[in-house]
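Coordinate analysis (summary)
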Amino acid sequence: MKVAKFGGSSLASGGQLQKVIDIVKADPNRKIIVVSAPGKRNKEDTKVTDLLIKYCNVIINDGDVTGIQDKIIRRYQSIAGHFGVPLENIADIEIGIRQLATQVFPNRSYQMAAFKAAGENNNAKLVAAVFNHEGIKAHYMDPLKIGLRVTDVANDAQILPSSYQKLARLSEYTDTLVIPGFFGYNAKNNICTFSRGGSDITGAIVAKAVAAERYENFTDVDAIYAANPNVVENPRKITHLTFREMRELAYAGFSVFHDEALIPAIEGKIPVVVKNTNHPNLPGTLISETKEIDYDNVVSGIASDDGFTGIYIRKYLMDRQVGFTLKILQVLADLNISYEHMPSGIDDLTVIIRSNQLTPELEALVQERIEAAIQPDDFQIEHDYAMVMIVGEGIKDRVGTMAAATASVAIAGVSIVMVNHGASPVSITIGVRKEDADLAVKSLYRTFVNHETVHLTNLID
Ligand SMILES: Nc1ncnc2c1ncn2[C@@H]1O[C@H](COP(=O)(O)OP(=O)(O)O)[C@@H](O)[C@H]1O
Ligand SMILES: N[C@@H](CC(=O)OP(=O)(O)O)C(=O)O
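Residues numbered from 1 in each chain as written. Chains lettered and ligands numbered in written order. Predicted model: local features only at pLDDT ≥ 70, side-chain atom pairs only at ≥ 80, totals over all residues. Heavy atoms only, no water.

In the nomenclature of an unreviewed UniProt entry, the protein chain corresponds to Aspartokinase from the organism Agrilactobacillus yilanensis. Entered under Sequence similarities (unreviewed entry) in the UniProt record, the comment concerning the protein chain runs "Belongs to the aspartokinase family." Word for word, the UniProt comment on the protein chain under Catalytic activity (unreviewed entry) is "L-aspartate + ATP = 4-phospho-L-aspartate + ADP". (UniProt positions renumbered as here; feature names shortened; annotations may be inferred.)

**Section: the sheet that holds strand 17 (residues 427-433)**
Strands belonging to one sheet form pairs held by backbone hydrogen bonds; the direction of such a pair is parallel or antiparallel. The 5 strands lie next to each other as 14-13-15-17-16, forming an open sheet whose pairing is antiparallel. Both outer strands of the open sheet, strand 14 (348-354) and strand 16 (416-421), are each paired with one neighbouring strand and no more. Neighbour-to-neighbour, the strand axes of the sheet open up by a mean angle of 35°, direction not taken into account. Alignment of strand 15 (residues 378-391) against strand 17, held across 7 bridges, turns out to be antiparallel. Residue pairing for strand 17: A386 is matched across the bridge by V432. (Pairing = 2+ DSSP bridges. Helix = DSSP H or I, 4+ residues; strand = E, 2+ residues; numbered from the N terminus. Axes fitted to C-alpha atoms, helices over the stretch in contact; angles between N-to-C directions.)

**With respect to the domain arrangement of the protein chain**
Domain assignment breaks the protein chain into domain 1 (2-288) and domain 2 (301-459). A separation of 33 Å is found between the C-alpha centroids of domain 1 and domain 2. With 17 residues of domain 1 at the interface, the matching set in domain 2 holds 22 residues. Contact with domain 2 buries area across many residues of domain 1, yet V231, E248 and Y251 alone supply 36% of it, more than any other trio. For the interface between domain 1 and domain 2, the tally reads 1 salt bridge. (Domains from an automatic or database assignment. Contact = heavy atoms within 4.5 Å. Buried area = accessible area lost by both parts, 1.4 Å probe. Salt bridge = Lys/Arg side-chain N within 4 Å of Asp/Glu carboxyl O.)

**Let's talk about the packing of helix 4 (residues 91-99) against helix 5 (residues 108-133)**
Axis separation between helix 4 and helix 5 bottoms out at 10 Å; the angle between their running directions is 175°. Classified by the angle their axes make, helix 4 and helix 5 are roughly antiparallel. Two secondary-structure elements touch here, helix 4 through D92, I93 and I97 and helix 5 through N122, K125 and L126. Of the residues that constitute the contact of helix 4 with helix 5, the class distribution is 3 nonpolar, 1 polar and 2 charged. (Parallel < 35°, antiparallel > 145°, perpendicular 65-115°, else oblique. Nonpolar A, V, L, I, M, F, W, Y, C, P; charged D, E, K, R; others polar.)

**As for the packing of helix 2 (residues 48-60) against helix 5**
Interhelical geometry of helix 2 versus helix 5 gives an angle of 145° and a closest axis separation of 8 Å. Here helix 2 runs over helix 5; the crossing is right-handed. Counted together, V48, T49, L52, I53, Y55, C56, N57, I59 and I60 of helix 2 and R108, Q111, M112, F115, K116, A118, G119 and E120 of helix 5 form the full contact between these two elements. Its residues assigned to classes, the contact of helix 2 with helix 5 shows 10 nonpolar, 4 polar and 3 charged. (Left-handed = near helix turned anticlockwise from the far one by under 90°.)

Take a look at the structure:
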């Protein structure tokens, strides 16, 4: 049995859904279909998830909801109309979307989660109706009924391991199942969503639960490329990645596949294939536990992500103080701030965190509490860092990768603010200023993928 997840781009219009129908019909093993909300039909379009966020905010601000409600409902109706599905067959979609406006929620976080989840939930109902209309015997599956239970974090939940036993029963059905991605229910039956892009996670959870032979993730690119195609023109297609390579690349900015979706696939040893709905006969990119390493091409991909902040601390004789780092991390933990990297020297340490965790008030509190806890000799908070990641299974065994990487960034005229190498055997992280990230990626791509020679001479006058 295969689990196939179709992203928002694959379900944005009736024309796109027709391609999905053809793909599902082409392979009878594609029995479980996980769907996102309708995505963008063109560059200027808005994803249904973003329309729903707007709808929720209109309600919070006591605005007039009719316009935005109609806009959302029309997205579903136009897809149904493409197939000639009578509107009365999908009447509950319109009712559900309008009813959101009067529903009562425990607080605004749960309210926002329920609005966002409505995008995939209604799309799963629509896709099941269209499948049946087009000759695929299909059933919409409610995440509450199938037992998709998640942690109680309204907009950033994680699967509860206890869900898997019940979810395994999905393999007992013979008809095609259509499951909405992106959300589950907490113990009190409130909807909680995964983080944005989280339908990939639902697909991976279901694939693990039913021990699928393969988890197919259908999107709008022919493969995962060695660099973001929005940064590097015509990047090389990757044919095969290991789970840990993909996890690092996804974490570092390859938004084509959610980094958290790798965890169920790793746990269940489920091979993942990323394929293009528009060119389903192309092989796409396989992601699996192991692969043969090509030592002439040790770097599989180069990713970058911005939105990082560095908390820089200098304290003379820091190395002599037992528990020094613990005190800093305790301050962050008390303020519910997680950290991403922590390069350190003899007297200096930088804690890199995601900037979206900080508000100006929280930033002042971090400084106040760290100063009280460790009395630093210097303390600075620097915003607008980007992390560029060079990823490949062969990196650790290849002499000169680090030298080539730093030289490549240098010839691009980019200054390095942090390097992290050795913590992971498959990656090198280079911190740069946000505005330099694309330059660094392009240069590293030329060095490691195009194998252009890096001239080290005269870098330092
Ligand atoms: N390295 C990469 N390889 C392929 N696509 C990438 C990469 N990095 C970023 N992307 C972007 O990811 C997009 C697909 O992800 P997403 O928009 O979430 O699709 P979907 O709507 O199918 O879930 C691509 O259109 C591309 O712009
Ligand atoms: N629709 C949700 C979840 C998702 O995974 O969407 P997509 O498959 O279009 O990236 C979002 O926009 O975040």
